[in-house]
Amino acid sequence: MSVTAVHSLWTTTAAEGIDKIQAPKIEYAQLAPVLIVLGAAVVGILLEAFVPRKGRYYAQLFLSVVALAAAFAAVVALAAGGYGSTKAHLAAMGAIAVDGPALFLQGVILLTSVVAVFTFAERRLDPVSHGARIDSFAAEGASVPGSEGEKAAVKAGFTTTEVFPIMMFAVAGMLVFPAANDLLTLFIALEVFSLPLYLLCALARRKRLMSQEAAVKYFLLGAFSSAFLLFGVALLYGYAGSVSYARIAAVVDGSVGTVDPVLADTMGNDALLLIGGAMILMGLLFKVGAVPFHMWTPDVYQGAPTPVTGFMAAATKVAAFGALLRLLYVVLPGLRWDFRPVMFGVAILTMLFGAVVAITQTDIKRLLAYSSIAHAGFILAGVIAMSDDGISSVLFYLAAYSFVTVGAFAVVTLVRDAGGEATHLSKWAGLGRRSPLVAAVFAVFLLAFAGIPLTSGFSGKFAVFKAAADGGAGALVVVGVISSAIAAFFYIRVIVLMFFSEPKADGPTVAVPSPLTMATIGVGVAVTLVLGLAPQYFLDLASQAGVFVR
Amino acid sequence: MNPVNYLYLAALLFTIGAAGVLIRRNAIVVFMCVELMLNACNLAFVAFSRMHGNLDGQIIAFFTMVVAAAEVVVGLAIIVSVFRSRHSASVDDASLMKL
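Every chain begins its residue count from 1, and numbering advances along the sequence as written. Following the order in which they are written, the chains are lettered starting with A and the ligands numbered starting with 1. In keeping with the predicted nature of the model, local features appear solely for residues at pLDDT of at least 70, side-chain atom pairs appear and are counted solely at 80 or more, and the whole-chain, interface and lining totals rest on all residues.

Structural notes on the overall build of chain A
Moving on, step 1. Secondary structure assignment for chain A yields 22 helices and five strands.
Moving on, step 2. Its C-alpha atoms put chain A at 80 × 55 × 40 Å along the principal axes.
Moving on, step 3. Backbone-placed C-beta atoms define the burial measure: a residue is buried with 20 or more other C-beta atoms within 10 Å of its own, exposed with 12 or fewer, and partly exposed in between. Counting across all 550 residues of chain A, residues that qualify as buried make up 60%.
Moving on, step 4. Residue pairs are scored as contacts if the distance between their C-beta atoms, which are placed from the backbone, is within 7 Å. Sequence-distant contacts, at least 24 apart, represent 80% of the contacts inside chain A between residues at least 6 apart. Secondary structure elements are defined from DSSP: runs of H or I of at least 4 residues count as helices, runs of E of at least 2 residues count as strands, and each element is numbered from the N terminus.

Here we look at the sheet that holds strand β5 (residues 509–510) of chain A
Residues and elements named next belong to chain A.
Moving on, step 1. One open sheet holds the three strands; their spatial order is β4-β3-β5, and the pairing between them is antiparallel. The sheet is open, and its two borders are formed by β4 (420–421) and β5, each paired with just one other strand.
Moving on, step 2. Bridge analysis of strand β3 (residues 415–417) against β4 gives two bridges, and the strand direction is antiparallel. Looking at the pairing, Asp 417 lines up with Gly 420 of β4.
Moving on, step 3. Lines are fitted to the C-alpha atoms to define the axes, a helix being fitted only along its stretch in contact, and any angle between axes, read from their N-to-C directions, falls within 0 to 180 degrees. Against the sheet, helix α16 (residues 388–414) makes contact with β3, β4 and β5, and its axis sits at roughly 25° relative to β3, the strand it touches most. We treat two strands as partners when DSSP finds at least two bridges between them.

Some remarks on the packing of helix α2 (residues 27–52) of chain B against helix α3 (residues 56–86) of chain B
Residues and elements named next belong to chain B.
Moving on, step 1. It is at 8 Å that the axes of α2 and α3 come closest, and there the two elements cross at 175°. With respect to each other, α2 and α3 are oriented roughly antiparallel. On α3, the residues touching Ala 27, Ile 28, Phe 31, Glu 35, Leu 38, Cys 41, Asn 42, Phe 45, Val 46, Phe 48 and Ser 49 of α2 are Asp 56, Gly 57, Gln 58, Ile 60, Ala 61, Thr 64, Met 65, Ala 68, Gly 75 and Ile 79.
Moving on, step 2. Basically, the charged four are Asp, Glu, Lys and Arg, the nonpolar ten are Ala, Val, Leu, Ile, Met, Phe, Trp, Tyr, Cys and Pro, and anything else, Gly included, counts as polar. Here the contact of α2 with α3 is built from residues that sort into 13 nonpolar, six polar and two charged. Throughout this description, any angle smaller than 35 degrees is read as roughly parallel, any larger than 145 degrees as roughly antiparallel, any in the 65 to 115 degree range as roughly perpendicular, and the remainder as oblique.

A few points about the UniProt feature "transmembrane region" (unreviewed entry) in chain B
All names here are of chain B.
Moving on, step 1. With numbering matched to this structure, UniProt assigns "transmembrane region" (unreviewed entry) to residues 6–23, 28–48 and 60–83.
Moving on, step 2. This span, residues 6–23, is 100% helix and 0% strand, and a straight line between its end C-alpha atoms measures 25 Å.
Moving on, step 3. Summarising residues 60–83: 100% helix, 0% strand, and an end-to-end C-alpha distance of 33 Å. UniProt positions are given in the numbering used here, feature names are shortened, and annotations may be inferred rather than shown by experiment.

Some points on the interface of chain A and chain B
Moving on, step 1. Tallying the contact residues gives 41 residues for chain A and 39 residues for chain B.
Moving on, step 2. Of all the elements in the fold, those that place two or more residues in the side of chain A that touches chain B are α1 (3–16), α7 (183–201), α8 (208–240), α10 (264–267) and α12 (296–303) of chain A.
Moving on, step 3. In terms of residue count, α8(A) provides more of the side of chain A that touches chain B than any other element does, 17 residues in total.

Here it is, written out as structure tokens:
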């Protein structure tokens, strides 16, 4: 295109009078889940400004739970209205997909967030200090740990109720992430859910130095990885001349009818496509915590406040795998022979590394972090299958895994000593004698992580490995089963530690939580058992939802 | 001038930024390097936009700027709070959680 022709793009309208700009058509009803949550986040910020300090906690908790429930109702209504199957289409000018996988994952994210909000709101674990009940979050995030300012804030009974709206912003981003249908929306959604998570990580009430350190690591590495993702977006834009998934997929397939002469330079350039695709994959694999992009996971999981760890371990993984699935199945299926070997390697490394390194861990939160890395590997095995079964098994696995994760981290918040949560494994010795119920519940979660039959972990793993084997990834299944066996070793070791060793005299106490945390743990156990004993209905649901719109 | 040269410049800036993130030890400088990477992306978007003759890339550049600004807000808040509690912004000092 000549210089004048390009120049005319933004000069002719001024010279010839302004053309009418078509207003974009936005389907508000179909975007309702996202809009409700975003609206609640904005209202939550206003509540911080206008509601007196005493009432804020209740107002925020009420608003968050109602908004999440309403958004879930909207998702169910959309799915019941056929948007998950026959009426699946692209909303908001092609920016957001309303289809089966998007609605399924949005439902899972919303339900996980509801139970995670309960753990955020838990205020009975610590004794009442200075006449105020306290939660897991810093009295005043801006005060320096150990300073006079912090003591004054604690004495005044401050609590950081901002965590609720911050979390709602994160949830809104996560809802958009698996539904994003162009690369710009993908990037914006990534940032919208990442930035609040960085802040939440820094807000622990106890061990604040560790919490801030976790936030700084998460932030720097997260920003680094999103810069890679953005450069990948730029290269794919250069390759296809558009950021829309459908357009890029068409260019990759070579099914674009008329090739614009200006595009001929870049459109045939596979270097742009391959490097760009790889960089976007890097950004997404960072978010799911796959080896070699897993470095942040253990530190961030350990340092962040435990309710936040549970929330991001579950919901981030669901959202990021949703986006990864859509990218690989909608945009890059034409490239599958190029990325499959790479993803094979990543999946094998992730499964083995997570399982082997978890054995050496002595901190329960780090152990769960490495276990989440191993699980990311198992899910990747399903992603690589590149079949309908692959999609539906991954959806099912994510649903099963997220509730177990939130529940397990909720149990971690209960085991406490003078310094807050007692996360060192040696402190958990003999927990089964001291508090059989809590230990038994945790044992159920560990068995689900290990994939023992009759738990949701088994149904999920079976579905994923079956899809992978059918999809021609038999080697992955072998490695997956081996690393499951390795992983089972350290899960069982924790169970043995809890039930078959003598409790120490100075061991931790088990706090009696409010009904909020009880509900989180109860839902976790219930989902684990239901998906383990009678998975068929949910497997069917996942397989009905397993078709992407293009 | 051939717009492809701007792409080479963008790739170069991105590489300088990435190398800076890996090499530098001050959290603020690391963060500035990340910003450099984002700006390299912007340059690539604008150059591609010029090559393709559509405006998508220029619009995306605006979005990237806003995201970068939001990232500065969150990042500086975190880095400053760490600096105030440790009196150091070195990423090497932040090692409470090593194995």
